[in-house]
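Report on the structure
The chain contents come next:
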Amino acid sequence: MDRPGCAEAVGVTCLDLNRFAEEVSALQTVRAPVAILYSGTSIKPDRRYIRSVETTYTALNFSGLKLDFISEKQLLAGQGRGYKLLVIPDTTQLQPQAVEVLCRLRGVRLALAGDGLAKDCYGKDTPADTLAALRANALLLDAKLSAKELRPALSRELAGLRALPEWRLVEAATGEPAWGVEWLPAKVNGRSVINAVNLLRHPVQVSILKGNRPVAATDLLSLGSRESVEALKPMVPVLCVPAK
């Protein structure tokens, strides 16, 4: 706080949080339709697991969705039933009891990356019939793909599950989903707000769509909410209200 730039940033952020407390609270409480399985037993034995977690998280993070991580303990407690899609990264050290829970899970689509569930935490092969049944009803993801290459398959699956938001944030020039932009919509007193931040090192020209229709939006964080949301500067958050 002895540095003027830091003091200014903290002050502005606190003022914004006070001004837009309802909007920030709504964004924090958005329900996540997707969860990624976090396996503590898989971290040390195989680095492929961590890489797979990072890849799947990045692929999903630019889709306008709230994401959760679910631990093996939470899975065993029955907390996996609240999601539309449960992503199992390249997990080869899962507890046998957790695999049994996944076999009994109903109404939740599984996405398996790489050799996910091939072995348990004791290094033993998952029974062939169990693994075949899980894979037969799951979305199989190629663990060799990059996050950007993986996103289309996940987006198609989420669209089929009706898990994607009604809004879309796309690159203005191509109409394709914007890459490198983290964004999330929420409802506040019957109106929509969208939080977005460009995580790249260069500006990104974007458009906000409702269905296939472009919608104008203004940034609440700008002076008097006068600035339209068009170019997202690197690492500058935007809290916008799209027109109805």
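For the structure given in this document, a descriptive report is provided here.

Rules behind the numbers
Per chain, residue numbering runs from 1 following the sequence as it is written. Confidence filtering applies because this is a predicted model: local features only for residues at pLDDT of at least 70, side-chain atom pairs given and counted only at 80 or more, and all residues used for totals across whole chains, interfaces and linings. Computation of side-chain values covers all heavy atoms of the structure but excludes hydrogens and water. A pair of strands is treated as paired once DSSP finds two or more bridges between them. Secondary structure elements follow DSSP: runs of H or I of four or more residues count as helices, runs of E of two or more count as strands, with numbering from the N terminus. A fitted line through C-alpha atoms serves as each axis, taken over the contacting stretch for helices, and the angle formed by two N-to-C directions is quoted from 0 to 180°. For Phe, Tyr and Trp, where Trp contributes only its six-membered ring, two rings pair if their centres lie within 6.5 Å, and the inter-plane angle classes them as stacked under 30 degrees, edge-to-face over 60, or tilted in between. Categorising residues by exposure relies on relative accessible area from a 1.4 Å probe, with only protein chains included: less than 20% of the type maximum marks a residue as buried, more than 50% marks it as exposed, and the intermediate range marks it as partly exposed. Any Lys or Arg side-chain nitrogen found within 4 Å of a carboxyl oxygen on Asp or Glu counts as a salt bridge.

**Observations concerning the sheet that holds strand S11 (residues 217-219)**
- The four strands are arranged S7-S8-S13-S11 in an open sheet whose pairing can be described as antiparallel. For this open sheet the edge positions go to strand S7 (181-188) and S11, each flanked by a neighbour on one side alone. Between one strand axis and the next, the sheet turns through 30 degrees on average, direction left out of account.
- With three bridges joining them, strand S8 (residues 191-198) and strand S13 (residues 238-242) adopt antiparallel strand pairing.

**A closer look at the packing of aromatic side chains**
- In the structure shown here, the tally under the stated rule is two aromatic pairs.
- A centroid spacing of 5.9 Å and a plane angle of 15 degrees characterise the contact between Tyr57 and Phe69, whose relative ring orientation is stacked. Taken together, the residues span a long stretch of sequence, with Tyr57 in helix H3 (residues 47-61) and Phe69 in strand S2 (residues 67-71) at a distance of twelve residues.
- With a centroid separation of 4.9 Å and 80 degrees between ring planes, the pair formed by Phe62 and Trp179 is classed as edge-to-face. Note that Phe62 is positioned in the loop between H3 and S2 and Trp179 in the loop between strand S6 (167-171) and S7, a separation of 117 residues in sequence. With respect to class, Phe62 is no different from Trp179; both count as buried.

**Thoughts on the pattern of salt bridges**
- Here the structure, examined in full by the defined rule, presents seven salt bridges.
- Between Glu157 and Arg109 there is a salt bridge; the shortest N-O distance is 2.6 Å. Of the two residues, Glu157 is situated in helix H7 (residues 147-160) and Arg109 in strand S4 (residues 109-113); the sequence distance between them amounts to 48 residues.
- Of the residues examined, Glu157 reaches a relative accessible area of 16% and is grouped as buried.
- For Lys210, the salt bridge identified is with Glu166, shortest N-O distance 3.8 Å. Note that Lys210 is positioned in strand S9 (residues 204-210) and Glu166 in the loop between H7 and S6, a separation of 44 residues in sequence.
- Overlapping salt bridges bring together Glu166, Lys187 and Lys210 as one network.

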